Structures are given as structure tokens and as C-alpha cells.
Amino acid sequence: MPNSNSPGFWSSSLSEADAISAGVEYSQLQLSKKGGLYWVEQRPNEGGRCCICFESESQPGVQHELTPSEFSVQSKVYEYGGRSWALLDDALVFVNASDQQIYRQRLSGSCDVVQITNQPNTRYIEPIWDETRDRLISIQELHAETGVINRIVTISLSDGSVEVLVEGADFYSYPVINAQGSVLAFVSWNHPHQPWTSTQFSYLDLTSSELDGPIPIAGHNSEEALSQPYFSPEGELYVVTDRSGWWNIYSCNFNSCELSPVGTESCDMISAPWQSGLTHYAEISSKVVSIHHRHEGAEVMLDGVSLVPDFNYFKSLVAVGSWVCVVAAAKNQLVSVVKVNAVTGQVRVVAGGGSPLNESDCSLARPMSFSKAESACFGYFYPPANAKYSVDSALTPLVVFLHGGPTAATYPVLNMKIQYWTQRGFSVLDLNYRGSSNYGRTYRNCLQHQWGVVEVEDIQSAIDELVELGLVDKGAVFVRGNSSGGFSALSAVYQLDCFAAAASLYGVTDPLVLDGCTHKFESNYLHWLIGDPVAEESVYRERAPLDNVDRINCPVIFFQGEKDRVVLPDQTRAMENALKSRGIKVEAYYFPDEAHGFRVADTAEVVLKKELEFYRSEMNMHSTGCGPSFRD
């Protein structure tokens with residue numbers, strides 16, 4: 001019978017509330033011409049509210065929250081959002097979460113907030129300031145009776161009137177304008193593609209009186225994913241493309257429309273663009289500063305030198321003058337906003353960072369690769385860490401984390417939700433199965449028509465190797481995943497006989513149903529992941545967890561938002577009921593105010609607490625001989 005000294009049953013002062021409250025997220029950095037730094041904070045203790053914060057160059061260490069409490073800065077374009085605000089000279093504009101309209105807020109005087117747009121059934125994202133004409137350029141998403149229409153529009157700052165600038169493609173992202181206001185560059189793509197499979201890169205001559213339409217630069221006749229165009233202060237145009245197999249930075253020649261690599265590397269310099277308006281590189285002193293993603297950890301590189309060596313995860317990079325600012329994290333430090341002087345090398349944490357845990361209580365990520373499957377996969381192993389306890393020779397229970405996407409990624413950083421488990425004597429494997437980002441285009445494309453197959457092979461390969469290494473208890477292995485990771489977790493439990501229990505957080509249970517009701521952004525994604533739903537209906541049925549309930553023999557716990565429009569709650573209820581009808585132990589929790597991805601702190605705390613109780617219950621049952629039989 002397990003006791004309080006048994007791994008998995010350790011006590012910890014790191015409560016559910018502590019683990020969640022440490023999860024403040026930082027994003028959408030912008031620097032003013034004078035060096036003032038702005039960023040967006042997403043706060044779980046305020047229901048996931050997003051607010052813009054500011055630190056001036058003249059008052060380092062003094063931070064101001066700019067967004068009034070009745071507003072939240074968040075776009076819902078493409079459902080996943082992205083950059084939702086822009087800086088003007090004496091003001092800023094932002095997309096308000098509740099109505100998806102653009103508002104203007106002055107940065108001096110009364111700092112009043114005034115609504116600019118008032119377009120019913122529309123959303124906006126990536127506003128930029130066309131300073132030459134004193135107007136905004138933004139991506140608009142119109143939800144019409146005939147369907148969802150995306151286009152690039154101009155918005156008058158004086159009266160909020162909207163005019164269409166570019167339309168015709170299914171999707172647009174990354175509008176950028178040069179300092180002279182003469183050229184607008186952007187990325188677009190059409191069904192059935194996603195922004196990480198195939199996109200087009202074009203520009204528009206804004207000085208033409210007739211506006212002849214976009215001029216294609218790259219991507220129109222080839223399978224390459226272009227992203228994140230950027231104009232340097234001097235007017236040089238860059239873009240990222242994976243035509244070499246890796247997302248590298250290229251410069252653009254307007255006359256020839258040719259792209260030239262800016263130093264190629266066998267690493268990705270951006271991540272899969274699930275959100276719009278991400279920034280992972282910039283130019284400073286006529287040199288490119290960029291993020292290099294590697295399995296062991298990322299670097300910010302400038303002229304061959306690592307600029308922020310004490311961190312190994314970066315996003316949202318911006319630069320002005322000698323300043324480089326980036327969102328950063330490390331194995332032993334929480335996510336933070338970091339400001340670096342590229343001349344002196346001085347590094348300063350502006351917001352966030354640190355750790356709620358002592359060094360002896362902190363489990364550090366161990367990068368690992370697993371090669372028993374058809375090809376290698378990668379992940380990060382976190383052993384138990386709690387100064388009050390010792391593992392000695394005892395094998396530890398394992399929780400396998402599966403990220404969503406599935407074309408997303410996990411990183412070797414201090415994640416308090418992972419520490420919550422390692423504090424209690426669990427080991428955690430955070431898996432970047434084949435199909436994940438940051439390992440090149442070939443690795444990313446491994447999931448094409450193979451979703452529900454290759455990641456399950458990788459899960460088995462990783463578990464087998466950890467068991468063979470004597471790191472984990474093969475009789476106490478758990479798997480959990482959110483969204484597409486929930487699908488993979490449920491796929492694993494019906495294909496593999498090695499789990500004590502599983503958890504699905506708003507996970508896909510019937511991809512064929514999902515294909516018929518999902519939103520525009522992902523409406524053709526399943527065709528790439530599995531195949532044509534008409535021609536390949538039998539394949540969908542073969543892989544759907546709901547159609548394989550009779551092969552699931554371990555307990556499952558579900559967590560689902562009632563307002564989810566990506567994975568509808570009925571999918572989870574159908575899976576719950578089907579398992580119960582077979583006598584399988586099931587728990588399910590539905591949250592009326594949550595959508596796809598839990599933003600409310602109370603919800604996230606319930607998830608941690610109930611999941612832990614569920615796993616411990618199964619370990620108790622197994623230790624007394626009352627539970628299911630696990631493989632030898």
C-alpha cells in the first residue's frame with residue numbers, strides 16, 4: 001500500500017493555486033523610438049485577462065499597467081489570435097476581447113480610451129500604423145451569412161471608416177509597411193494549406209494611384225511556408241522561409257523578387273505560426289538578431305554571439321537602436337521580459353522571471369531522444385524533485401505530456417504545472433513527437449496522413465526506453481494531452497496496453513465530426529493530418545477514439561469547456577458515455593465559462609487537483625491488487 005513516502009504521494013507546499021498563478025504569460029513586445037518597452041501580460045488570476053504594460057527608458061524598474069480593467073487586449077481572428085495592438089506616436093490602438101473592435105488609447109493626459117471601429121460580425125488582428133497617411137492597416141475577419149471572409153483593410157483614425165485594401169485569398173497574416181509608407185508586404189495562403197505547410201509572400205505598391213494589386217514574390221508555385229516578413233529601419237525587406245528544410249531568414253530583392261539567405265543554419269528560426277503577428281528576429285546596426293531553436297535549448301544570436309546566454313527559450317523579439325528585447329525563460333526561471341543592450345551586453349529582467357522553488361526542489365529538464373520508432377523523436381524528461389524526499393532505488397510513476405496543435409512544440413523551461421507533478425514524486429516526459437515544430441520541415445511533415453499513428457509510435461518508443469533505463473515504473477504510466485494532444489492520448493490508450501490511466505483536456509474524440517463543424521482556419525487541416533473525409537472515411541473511423549472505445553481498458557478523466565467552438569463539448573460527452581457503458585471508470589468535468597484552452601485560474605486549479613486524485617486512486621488500486629493488469 002503506498003504511503004506518504006512513496007513516489008507519487010509526496011506532499012508539497014506548491015499548491016494548485018501556486019502552480020497556476022505562476023503561469024503569467026508575456027507576449028507582443030513593442031519598443032518605442034525612444035526605447036520605451038511595452039508588452040502584453042495574460043493573467044490567469046484575472047480570468048486570463050490580457051493587459052498592456054509599459055516601462056520607460058528613463059525610469060527602469062518602474063512599470064505601468066496601461067489597459068483599463070474593463071478591457072482585455074485579445075484578438076480571436078482565426079480563433080487563436082495573435083498580435084492585438086500597435087503603437088502610435090502619442091497613443092496605442094488595441095483589439096478588445098469582448099467585441100473584437102479596435103480602440104484608441106492616448107498615452108498622455110487623461111489616457112482616455114475611444115472606440116474606433118464599430119463593424120458588426122467582424123474581428124481584427126495585427127493592426128499597424130501607416131504613419132504617412134495616419135491610418136491603420138489591419139487584417140479583418142468578417143463573419144457573414146455566406147461564410148467567413150478574411151482580408152486586409154485600411155481603417156481611418158478619424159472616423160473609423162473601413163476600406164478593403166487586399167482580398168481574394170482565404171487567409172492573410174503579417175502585414176508590414178516600410179518607413180517611407182510606400183510598400184506593404186504580407187503573407188497569404190489558401191485552403192487546403194496551413195501557414196506551416198504552404199504560403200505566399202507578396203507586396204503592394206501603396207504609391208500607385210490605381211493600386212494594381214499584390215505582386216507575388218515567393219511561394220506561389222512551390223511547397224514552402226513563408227512567414228514573418230520584416231522591414232528594417234533602412235527599408236530592407238526580410239522574410240522567413242523553409243525552402244531549405246529549415247525556417248531561415250532571407251533578404252528580398254524587389255527588382256528581381258529573388259530571396260537570398262542571410263546565413264543558413266540547420267535550425268528553425270521561428271515556430272509554427274498558430275498565432276499571427278509573431279516576431280522572432282529583427283535588425284540592429286545593419287545586422288540580423290534572431291532566435292535559433294534547438295532541442296537542447298534556443299539561443300538569441302547576433303553576429304555569431306549568443307546575446308542572452310542564461311536563458312534557453314525565446315519569443316517575441318524586437319529591437320530599436322542598441323536595445324534588444326525578448327520574452328525569455330530557462331530551465332530554472334519562469335518566463336520573463338528581458339532587455340539587452342547589444343553594445344554593452346548588459347541583460348536586465350524587466351518583468352517576471354525567478355522561481356517559486358528552491359534549487360533542491362526544482363526538477364530541471366533533461367533533453368532526450370528516442371529512436372526505437374521508424375525515426376527518432378525528442379522530449380524532455382523531468383525526474384521527481386522534492387528536498388523532503390528521496391527516490392533512492394524506487395521506480396517512479398510517469399506522466400507523459402502531449403502538447404496540442406499537433407504542429408506545436410514544448411520547450412525545456414521551468415513550467416510550474418510540470419513541477420506540480422515532480423514535487424509529488426512523479427516523473428514527467430514532455431514529448432515533442434514527430435510532427436512537432438522546431439525540428440525542421442521534414443520532421444514537421446511526418447504527421448501528414450499519419451495523425452494517430454506516428455505520435456503513438458513515439459509515445460511507445462519513449463516509454464519503453466525510460467522503462468529500460470530504469471527511470472520509471474512500467475505499472476504506473478499515465479498519459480495526458482490537450483486538444484489534439486487529447487486525441488493522441490486517447491489514441492495511445494486504445495492502441496497500447498501500458499497505461500494506468502489517461503487524461504483528455506478538450507481532446508478530439510471523433511475527427512470526422514470535427515471536420516464537419518470546425519472553424520475556417522482548421523477546416524482543411526484534417527485532410528492533411530488524416531486524408532479526404534469522403535474518400536478516406538474508413539481511415540477516420542479506424543483512428544477515431546470514439547470508434548475504438550471497446551479497445552480502451554484503462555480509466556480516463558475528461559476536462560471540457562462548454563463554450564469550446566474548436567472541439568465541441570458533445571464530442572467529450574459521447575466519449576464519456578461510451579466508456580461508462582462498458583463499465584470503464586470515467587470522470588468528466590465541464591466548465592460553463594471556458595472555451596478551447598482554459599483561461600480561468602480556478603478551472604486550471606480544479607484540473608490539477610482532480611487529475612492528481614484520479615491518478616493516485618489508480619495507483620492505490622494497483623498496489624492492492626484491485627486494479628487492472630498492466631503489461632509484464
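Fair warning: this is a prediction, and the values are worked out from it, not measured in the lab. (Residues numbered from 1 in each chain as written. Predicted model: local features only at pLDDT ≥ 70, side-chain atom pairs only at ≥ 80, totals over all residues. Heavy atoms only, no water.)

### Details of the pattern of salt bridges
Side-chain pairing between opposite charges can occur once the charged atoms of the two side chains come close. Taken as a whole, this structure holds 31 salt bridges when the rule is applied. Note that Asp130 is salt-bridged to Arg135, the shortest N-O span being 2.8 Å. Here Arg151 and Glu167 are joined by a salt bridge, their closest N and O atoms 3.9 Å apart. With a gap of 16 residues between them, Arg151 in strand E11 (residues 147–156) and Glu167 in the loop between strand E12 (162–166) and strand E13 (171–177) connect regions that are remote in the sequence. In this structure, a network of salt bridges that share partners links the residues Glu41, Arg43, Glu46, Arg49 and Glu65. (Salt bridge = Lys/Arg side-chain N within 4 Å of Asp/Glu carboxyl O. Helix = DSSP H or I, 4+ residues; strand = E, 2+ residues; numbered from the N terminus.)

### Concerning the environment of Asn190
If you trace the backbone, Asn190 turns up in the loop between strand E14 (183–189) and strand E15 (200–205). Residues Asn190 and Ser56, spaced 134 residues apart in sequence, show a C-alpha to C-alpha distance of 41 Å. With residues up to four places along the chain from it excluded, the contact list for Asn190 reads Gly168, Ala169, Asp170 and Gln200. Polar side-chain contacts of Asn190 include one of 2.9 Å to the backbone nitrogen of Asp170. (Contact = heavy atoms within 4.5 Å. Polar contact = N/O pair within 3.5 Å; in protein donor to acceptor, adjacent residues only side chain to side chain.)

### Re empty space enclosed by the protein
A full pass over the atoms with the stated rule returns 3 cavities of 30 Å³ or more. Of the voids in this model, the largest cavity is the one considered here, and its volume is about 130 Å³. Counting residues per element, the lining of the largest cavity draws most heavily on helix H7 (residues 525–529), which supplies 3 residues. The class makeup of the residues in the lining of the largest cavity is 10 nonpolar, 4 polar and 1 charged. As a volume, the second largest cavity reaches approximately 90 Å³. Lining the second largest cavity are 15 residues; nearest its centre among them are Arg294, His295, Tyr380, Tyr411 and Asn438. Class assignment for the residues of the lining of the second largest cavity results in 6 nonpolar, 8 polar and 1 charged. (1 Å grid on protein atoms, 1.4 Å probe; cavity = no way out; pocket = protein on both sides within 12 Å on 5 of 7 lines; lining within 4 Å. Points joined across faces, edges and corners; volume = space filled by probe spheres on them. Nonpolar A, V, L, I, M, F, W, Y, C, P; charged D, E, K, R; others polar.)

### Observations regarding the pairing of strand E27 (residues 333–341)
Counting buried positions along E27 yields 7 of 9 residues, so the element is predominantly enclosed. Where strand E26 (residues 323–330) and E27 come together, 7 bridges link them in antiparallel fashion. Residue pairing in the sheet places Val324 in a bridge with Val340 of E27. The antiparallel pairing of E26 with E27 creates a hairpin that spans 2 residues between the two strands. Both E27 and strand E28 (residues 347–352) contribute to a ladder of 5 bridges, which runs antiparallel. Each residue of the ladder has a partner; that of Val337, found in E28, is Ala351. Remark: 5 residues form the turn of the hairpin made by E27 and E28, two consecutive strands paired antiparallel; Gly345 in that turn has positive phi of roughly 80 degrees. (Buried < 20%, exposed > 50% of the residue type's maximum accessible area, 1.4 Å probe, protein only. Pairing = 2+ DSSP bridges.)

Any functional reading would require information that these geometric values do not contain.
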